[in-house]
Amino acid sequence: MALTLTRRVCGKCNKGAGTAMCYGCEQAFCTKHFLEHRQDLSQQMEYIGQEHDVIQRDLTHEQDTHFLITRINQWEQESITKIQIAAQSARTNLQQLLNRPKNNLQTSVSKITEELQSSRELDDYTELDIKRWTDQLQEFRKILDAPISVNIDYEKDSRSAVRLIKINDQQSLDSLYQTSQVPEYNDWISHSSDTFLSERFDDIFGKVILSEGGLVATCAGGHADRSCVCGTSRYSVGVHYIHFRIEQTSTHYHSFFGIINSLEKMTFDIWNSSSFHGWWDLDYSVISGKSNRRLSPETIRMGDDVTLMLDCINRRIQLEHHRTNRTVTMSIDIQLCPFPWKIIVLLLGKDDCVRILQ
């Protein structure tokens, strides 16, 4: 049987002289176009090699920073700045709170320092002076050693990734204080902006009878005795309210409501002391032992309620008369009446009686 030969044509020129076969594209080429075909393949190979080199380079080299990376970096810096500001503010506020008892005592300590130096130089002191100085120093030590109630609070913004901190003196930078007691000195350091204390009468001078556990003070003498009574609490920080009721008062003499320095000794002429501040009546004030009276009808009567406010933060006191809804306020120079303060009530008429309301 005779063999039939199939003649292949060139895939480029369609001439019947296809002498070479490409097994990749399965086309036949003439000699000329076969060489061109191979050259095309070589160029494609070169292009592929270049693409490969570019990808290889991109794999081994860092690309330009992605815009989201930039945003993350910015967020990081802003968060760090906020944290640093909050931390510095917290440190500053905490240090101020820790230093407050020392600052408040500075004037009192300076005063006793002068007394000690003068008495040593003049060799002028007795056992009574030594006992008084010892008691004062012990009182100072209790103040310095008394713990201050301070917390660290976190912001309550649930949307924030970082919860910032702040110092809470049980106050809050417009500040809510809480009460911290010192042994034997109820509510000595208070951290409450509205604190009604469990105050009681204790230290007396003259003829005063205390009853009902120190809640009631009654004058058993007369004007010549200059009877007075102080409270048990000491006030150095915070704002405090003591509510009184005048249960009995004479027609000739007023009762006095005010403060003195807690280290002041109760004497016959206490009302001349530089730390003596307060009111005989709403229009009859005493500042640093000096009276200032305006001609006006008496306001405070038997059965009236009054509230004495001690604002240690702003260094002022206030007397509120509830029946007339009148209020009088007095600024206190702590150079004249240094912290700590204590309340003082003077009863000059026989049977005059004042009650502390709880």
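Our structure's up above, just so we're on the same page.
Everything quoted here is computed from the prediction, not taken from an experiment.

Conventions used here
Residue indices begin from 1 for each chain and proceed along its sequence in written order. Given that this is a predicted model, residues contribute local features only at a pLDDT of at least 70 and side-chain atom pairs are listed and counted only at 80 or more, while totals for whole chains, interfaces and linings are drawn from all residues. Only heavy atoms go into the side-chain values, all of them from the structure, while hydrogens and water stay out. A run of H or I in DSSP becomes a helix once it reaches four residues, and a run of E becomes a strand once it reaches two; helices and strands are each numbered from the N terminus. Type-normalised accessible area, obtained with a 1.4 Å probe on protein chains alone, sets the label of each residue: buried when under 20%, exposed when over 50%, and partly exposed for intermediate values. We call two residues in contact when some of their heavy atoms are within 4.5 Å. Computed by Shrake-Rupley with a 1.4 Å probe, the accessible areas treat only the displayed protein chains as cover when residues are assessed. Each reported salt bridge corresponds to a side-chain nitrogen of Lys or Arg within 4 Å of a carboxyl oxygen of Asp or Glu. Residues belong to one nonpolar core when they are buried, are Ala, Val, Leu, Ile, Met, Phe, Trp, Tyr or Cys, and are joined through side-chain atoms within 4.5 Å. Polar contacts, as counted here, are pairs of nitrogen or oxygen atoms within 3.5 Å of one another; within protein the pair requires one atom able to donate a hydrogen and one able to accept it, and residues that are adjacent in sequence qualify only if both atoms are side-chain atoms.

Visitor: Looking at this model, I keep getting lost on the overall build of the protein. Mind explaining?
Guide: When its secondary structure is counted, the protein shows 3 helices and 21 strands. Every one of the 358 residues in the protein was classed for burial, and the buried ones make up 39%. Restricting the contact set of the protein to residue pairs at least 6 apart, pairs at least 24 apart contribute 60%. Only carbon and sulfur atoms are counted for the fraction: they give 50% of the accessible area of the protein, which is about 21,800 Å².

Visitor: What exactly am I supposed to notice about the pattern of salt bridges here?
Guide: When the charged atoms of two side chains with opposite charge come close together, those side chains can pair. Considering all chains together, one arrives at 12 salt bridges under this definition. In this structure, Arg-355 engages Glu-212 in a salt bridge whose closest nitrogen and oxygen atoms are separated by 2.7 Å. Of this pair, Arg-355 sits in strand β21 (residues 353-357) while Glu-212 sits in the loop between β9 (208-211) and β10 (216-219), placing them 143 residues apart in sequence. The salt bridge partner of Asp-304 is Arg-323, with a shortest N-O separation of 2.9 Å. With Asp-304 in the loop between β16 (290-293) and β17 (305-311) and Arg-323 in the loop between β18 (316-321) and β19 (326-331), this residue pair connects regions lying 19 residues apart in the sequence. Judged by relative accessible area, Asp-304 falls into the buried class, the value being 5%. Three or more residues joined by partner-sharing salt bridges are found here, namely Glu-115, Asp-129 and Arg-132.

Visitor: Honestly, the nonpolar core in this entry has me stumped. Any pointers?
Guide: Taken as a class, soluble globular proteins show a tendency for nonpolar side chains to be buried jointly. Among the nonpolar cores identified, the biggest contains 35 residues, and Phe-244, Leu-310, Leu-319 and Trp-341 are the most heavily contacted of them. If you tally residues by element for this core, the top one is strand β20 (residues 341-347), at 4 residues. Those residues in contact with Leu-319 that sit more than four places away from it in its chain are Phe-257, Trp-279, Leu-282, Ile-300, Val-306, Thr-307, Leu-308, Arg-326, Thr-327 and Val-328. Phe-256, Ile-260, Trp-271 and Tyr-284 belong to the second-largest nonpolar core, a separate cluster that totals 14 residues.

Visitor: Looking at this structure, how should I read unusual backbone geometry?
Guide: Note on backbone geometry: most residues besides glycine have negative phi, and most peptide bonds are trans. Residue Phe-339 is joined to Pro-340 through a cis peptide bond whose omega torsion reads -5 degrees. When you line up the elements, Pro-340 lands in the loop between β19 and β20. If you check the backbone angles, Asp-123 has positive phi at about 50 degrees while not being a glycine. Position of Asp-123 among the secondary structure elements: in the loop between α2 (67-122) and α3 (127-145). In this structure Asp-123 comes out as exposed when scored by relative accessible area, which is 59%. Positive phi is not limited to glycine here, since Arg-226 has a value of about 50 degrees.

Visitor: Explain the environment of His-254 here, please?
Guide: With respect to the secondary-structure elements, His-254 resides in the loop between β12 (239-248) and β13 (255-261). Distance from His-254 to Leu-347, taken between C-alpha atoms, is 7.5 Å for residues 93 residues apart in sequence. Apart from residues lying up to four places away in sequence, His-254 is in contact with Trp-280, Asp-281, Tyr-284, Arg-293, Glu-298, Leu-346 and Leu-348. A polar atom in the side chain of His-254 sits 3.5 Å from the side chain of Glu-298.

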